Structures are given as structure tokens and as C-alpha cells.
Amino acid sequence: MVLAVPAKAVAPVLDEIAELVVGDIIVDPTNPADEDREVILRAAASLAEAVVLLAPGARVVKAFNTILASRFNDPVVDGVPLDGFYAGDDADAKRVVAGLLAEMGFHPTDGDGSWEFYFMCDEIESTVKEIEGRGGVCGPRADRGWGVVCEIEGPGGRKLALYEPRHPTAHGG
Ligand SMILES: NC(=O)c1ccc[n+]([C@@H]2O[C@H](COP(=O)([O-])OP(=O)(O)OC[C@H]3O[C@@H](n4cnc5c(N)ncnc54)[C@H](OP(=O)(O)O)[C@@H]3O)[C@@H](O)[C@H]2O)c1
């Protein structure tokens with residue numbers, strides 16, 4: 001089931017249905033947008049963690065909370081599927097939700113394999129050659145539509161991304 005209710009309704013709704021959803025997957029798209037700012041700032045845990053506590057028998061997957069409903073029928077921008085983030089503790093339930101996101105046309109991602117920093121370069125092959133010439137390690141290239149990306153290993157083993165853009169850039173490259 002999808003818990004598509006305002007955040008303030010989460011607790012009363014789950015109090016009513018918790019016993020009925022034991023073993024089921026609850027997709028939680030809720031954002032505490034209707035909460036008082038003070039309540040949000042003082043909250044010790046995330047709303048998804050509250051859902052887990054209020055429906056302890058269910059398998060909770062956070063998803064769709066970063067996507068505007070108006071995008072559900074049109075999840076591709078400039079030929080690139082939008083990321084559909086999902087998170088949870090139950091691997092099987094996460095797989096089901098990832099499949100749902102993919103069927104809708106999103107690019108499902110749970111954060112694994114993502115990078116915090118991207119370095120842009122004019123031409124990826126020559127840049128990779130230069131990095132490898134200095135002892136750096138570069139992964140295989142992947143064409144993501146908006147650019148050709150490869151993983152590089154930074155100091156201390158930290159993974160970074162290098163990409164050659166296919167999108168317009170500020171410097172007109
Ligand atoms: N809309 C978006 O673009 C978007 C994007 C990301 C995340 N979200 C999150 O998704 C959730 C749902 O969003 P929404 O835009 O669909 O919200 P919404 O239109 O305000 O509410 C959805 C439904 O919740 C029901 N509801 C309200 N209070 C209730 C209560 N006390 N008990 C039982 N049902 C209640 C209402 O049903 P009735 O009409 O039958 O009263 C309403 O149809 C929210 O938590 C929001 O933060 C929304």
C-alpha cells in the first residue's frame with residue numbers, strides 16, 4: 001500500500017490499519033510539509049522511522065517523496081529518466097519498489113554507487129589517460145545521456161566521478 005496522506009494523518013491512519021498490514025509493503029512518500037517547523041526541527045527521527053515504529057509488522061520503503069506528483073506520468077527530462085530514490089531495511093521490499101519506479105519510467109536509486117562530487121572535463125578519454133598516467137585508477141565509461149561518466153579513485157580510496165558533458169555548459173563547450 002502507498003501511504004499517500006499528509007504527514008499529520010500518518011499516526012492516526014497507522015493506528016487504525018497497523019494490524020491489517022502485517023507482512024505488507026508500505027510505500028511511504030510522506031514529507032512533513034504540513035508540520036510546524038519547530039516540530040520538524042525537534043524530531044529525533046525521520047518520518048519513515050516513525051512509520052516503522054507505528055506499523056512494526058510492515059515492510060516500510062521510503063519512496064516518491066522527492067518526486068512531484070505531476071511528474072509521475074512524465075518522469076523523463078531531456079531524454080534522461082529522473083532518479084527515483086528509495087530506502088528501507090527490507091531488501092525484498094526495496095526490490096519491489098525499485099521495480100515499480102522502473103516500470104513508471106524513473107531511474108531507481110538507493111544511493112549505492114552514487115558519487116558526492118563530479119569533475120567535468122572537455123574530453124573524457126584524454127583526461128582518463130592523463131589520470132592513469134599519474135597512477136590514478138579510472139573505471140569503465142558509461143553513457144548516461146547527459147554525459148559520459150567514469151568513476152575515479154581519489155586520495156584515500158574515495159570514489160569520485162569524472163564526466164564529459166553532453167549538456168550545454170556555462171562555458172559553451
Ligand atoms: N503531491 C505531491 O507532489 C507530493 C510529492 C512528494 C511527496 N508528497 C507527500 O505525499 C503525501 C500525500 O500527498 P498528497 O499531495 O496526495 O496530499 P493530499 O492531497 O493533501 O492528501 C491525500 C489524501 O490524504 C487523505 N487524508 C487527509 N487527512 C486524512 C486523515 N486524517 N485520515 C485519512 N486520510 C486523510 C485525503 O483523503 P480524503 O480526500 O478522502 O479526505 C487526501 O485525499 C504527503 O505526505 C506529501 O507530503 C506529495
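What you see is a predicted model, and the numbers here were worked out from it, not measured in a lab.

Caption draft 1: Region of the structure containing the packing of helix α1 (residues 7-17) against helix α3 (residues 47-54). Two elements in contact, α1 and α3, have axes whose closest approach is 10 Å; the angle formed by their N-to-C orientations is 15 degrees. Classified by the angle between their axes, α1 and α3 sit roughly parallel to one another. Read as a crossing pair, α1 and α3 show a hand that is right-handed. On α3, the residues touching A7, V10, A11, L14 and D15 of α1 are L47, A50, V51 and L54. For the contact of α1 with α3, the per-class residue count stands at 8 nonpolar, no polar and 1 charged.

Caption draft 2: View of the site of the ligand. Around the ligand, a shell composed of 14 residues is seen, among which V5, A9, T30, N31 and A69 lie nearest. When grouped by side-chain class, the residues that make up the shell around the ligand number 11 nonpolar, 3 polar and no charged.

Caption draft 3: Seen up close, the domain arrangement of the chain. With domains assigned, the chain is organised as domain 1 (7-109) and domain 2 (118-165). Centre-to-centre separation of domain 1 and domain 2, based on C-alpha positions: 33 Å.

Caption draft 4: Local environment of the nonpolar core. Residues I26, V27, V51, V60 and A63 are the most contacted members of the largest nonpolar core, which totals 17 residues. If near-sequence neighbours (up to four positions away) are discounted, V51 is found in contact with L3, V10, L14, I26, D28 and V60.

Caption draft 5: View of the pairing of strand β9 (residues 147-153). In this sheet, β9 lies alongside strand β8 (residues 142-143) in antiparallel orientation, the contact comprising 2 bridges. The partner of A142 across the bridge, within β9, is V149. In textbook terms, the turn of a hairpin is the stretch between consecutive antiparallel strands, and for β8 and β9 this stretch comprises 3 residues, one of which, G145, has a positive phi near 90 degrees. Bridge analysis of β9 against strand β10 (residues 159-165) gives 7 bridges, and the strand direction is antiparallel. From the neighbouring strand, V149 faces β10, where its bridge partner is Y163.

Criteria and cut-off values
- Residues numbered from 1 in each chain as written.
- Predicted model: local features only at pLDDT ≥ 70, side-chain atom pairs only at ≥ 80, totals over all residues.
- Axes fitted to C-alpha atoms, helices over the stretch in contact; angles between N-to-C directions.
- Helix = DSSP H or I, 4+ residues; strand = E, 2+ residues; numbered from the N terminus.
- Parallel < 35°, antiparallel > 145°, perpendicular 65-115°, else oblique.
- Left-handed = near helix turned anticlockwise from the far one by under 90°.
- Contact = placed C-beta atoms within 7 Å.
- Nonpolar A, V, L, I, M, F, W, Y, C, P; charged D, E, K, R; others polar.
- Near = placed C-beta within 6 Å.
- Domains from an automatic or database assignment.
- Core = buried A, V, L, I, M, F, W, Y, C linked by C-beta atoms within 7 Å.
- Buried ≥ 20, exposed ≤ 12 C-beta atoms within 10 Å, placed from the backbone.
- Pairing = 2+ DSSP bridges.

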